[in-house]
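So you can see what is in the structure, the chains are spelled out below.
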Amino acid sequence: AADPSRIVNGQVSSPGAWPWQVSLQDKNRNHFCGGSLVNQNWVITAAHCQFNYYYHIVVLGEFDMHSSSEPVQVKSVSQVITHPNFNYQTLNYDCTLLRLSSPASYNSYVSPVPLIPQGTYLPGGTTCVTTGWGRTVAGATASKLMQTSLPVIENSRCKEYWGNSITNMMICAGASGSSSCQGDSGGPFVCYVNGAWSLSGLVSWGTSNCNVRAPAIYASVANLRPFIDQYIYY
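Residues numbered from 1 in each chain as written. Predicted model: local features only at pLDDT ≥ 70, side-chain atom pairs only at ≥ 80, totals over all residues. Heavy atoms only, no water.

K.L.:
How would you explain the overall build of the chain if you had to name every residue and give the values?
P.N.:
When helices and strands are counted, the chain shows two helices and 16 strands. Pairs at least 24 apart in sequence give 69% of the contacts found in the chain among residues at least 6 apart. (Helix = DSSP H or I, 4+ residues; strand = E, 2+ residues; numbered from the N terminus. Contact = heavy atoms within 4.5 Å.)

Shown next, in the form of structure tokens:
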């Protein structure tokens, strides 16, 4: 598959605008993937990020990677639960749950995102937003959290481009020119549903050169809810 790590032609967000966005980092504080805080104890990310609780940490409340004065919370992880059907070749079921070793403290920069209800259908054209610190142009990464809005593309249309790589565990979005590239892998794809932003997708994969006319792929939270709910609501 493809290189899943960039927002191109997006805008810089503002501190606290997307308070569920987390950064997955190595022990040297190098960012490698995004994720979303779903309650005080759990973060959701993409399985292909291959989070390892021995080598990696979760950083909450980050905005500017180059700032040392932000009130971030740095957390270790006590449990990593990857979807049992995840397939690294096809990136189907691209979902991993991370249990924080101690609960997150909520504030104006750190708060959870509601999950889209199981089975929710997002019609083509629904405008959603993805955020991340991924590449903004080839080879350059963003130091500040970027955001971009993307229209949902029906899976039937998406298959015209990607063929049978597209499953019902995936959502397609983008191909809209100014704003079609993904944020960091594992990061949030949120849609405004029933009056609130809800986590609808996890940044999964796309073209390696971030083609602004190609749909990007997000793991479908609505269809992954049975797996997610086994763990994060007890």
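Now that the structure is up, let's keep going.
K.L.:
Outline the state of the cysteines, supporting the account with residue identities and numerical values.
P.N.:
This structure, assessed with the given rule, holds three disulfides. Covalently, cysteine 128 is tied to cysteine 191 through a disulfide, its sulfur atoms 2.0 Å apart. Residues cysteine 128 and cysteine 191 are joined through a disulfide that is right-handed, its torsion about the S-S bond being 100 degrees. Of this pair, cysteine 128 sits in strand β9 (residues 127-132) while cysteine 191 sits in strand β14 (residues 188-193); the two residues are 63 residues apart in sequence, bridging distant segments of the chain. The burial state of cysteine 128 is the same as that of cysteine 191; both residues are buried. In this model cysteine 158 forms its disulfide with cysteine 172; the gap between the sulfur atoms is 2.0 Å. Given an S-S torsion of about -80 degrees, the disulfide between cysteine 158 and cysteine 172 has left-handed geometry. (Disulfide = S-S within 2.5 Å. Buried < 20%, exposed > 50% of the residue type's maximum accessible area, 1.4 Å probe, protein only.)

K.L.:
Help me get a handle on unusual backbone geometry, residues and values and all.
P.N.:
Positive phi values are uncommon outside glycine, yet arginine 29 reaches one of about 65 degrees. Mapped onto the secondary structure, arginine 29 falls in the loop between β2 (21-26) and β3 (31-37). On the accessibility criterion, arginine 29 (39% relative accessible area) is partly exposed. Phi is positive for tyrosine 93, which is not a glycine, with a value near 55 degrees. Following the sequence through the fold, tyrosine 93 ends up in the loop between β7 (77-82) and β8 (96-100).

K.L.:
So what's going on with the packing of aromatic side chains? Which residues, and what values?
P.N.:
Inspection of every chain in the model, using the stated rule, returns nine aromatic pairs. Taken together, a centroid distance of 5.0 Å and an interplanar angle of 85 degrees make the contact between tyrosine 54 and tyrosine 55 edge-to-face. Sitting over the face of the ring of tyrosine 54, lysine 27 holds its NZ or CZ atom 6.0 Å from the ring centroid. (Phe/Tyr/Trp six-rings, centres within 6.5 Å; stacked < 30°, edge-to-face > 60°. Lys NZ or Arg CZ within 6 Å of the ring centre and 35° of its normal.)

K.L.:
I'd like a description of the nonpolar core, backed by residues and values.
P.N.:
Core analysis: the largest hydrophobic core is formed by 53 residues, its most contacted members being Leu37, Val58, Leu97, Phe189, Leu199 and Ile228. When residues of this core are assigned to their parent elements, the largest contribution, six residues, is made by helix α2 (residues 221-232). Two domains share this core, each providing at least three of its residues, namely domain 1 (21-112) and domain 2 (114-222). With near-sequence residues (within four places) excluded, valine 58 lies in contact with Val22, Ser23, Leu24, Val43, Phe51, Gln73, Val74, Lys75, Val77, Leu98 and Leu100. With ten residues, the next largest nonpolar core counts Phe86, Leu91, Ile153 and Cys158 among its residues. (Core = buried A, V, L, I, M, F, W, Y, C linked by side-chain atoms within 4.5 Å. Domains from an automatic or database assignment.)

K.L.:
Quick rundown of α2? Include the residues and the values.
P.N.:
Over its twelve residues, α2 runs only 13 Å from end to end, short of the ideal 16 Å by more than 12%, given 1.5 Å per residue. Val221, Ala222, Leu224, Arg225, Phe227, Ile228 and Ile232 are the residues of α2 that are buried. For α2, the secondary structure elements touched by its buried residues are β4 (42-45), β7, β8, β15 (196-205) and β16 (215-220). (Expected span 1.5 Å × (residues − 1).)

K.L.:
Could you give an account of the pairing of β3, naming the residues involved and the relevant values?
P.N.:
Most of β3 sits out of view: five of its seven residues are buried. A loop of four residues connects β2 with β3, the two strands running antiparallel in sequence, and arginine 29 in this loop sits at a positive phi of about 65 degrees. Examined bridge by bridge, β3 and β4 share two bridges and lie antiparallel to one another. The partner of leucine 37 across the bridge, within β4, is valine 43. Counting the residues between successive antiparallel strands, the hairpin from β3 to β4 contains four residues. (Pairing = 2+ DSSP bridges.)

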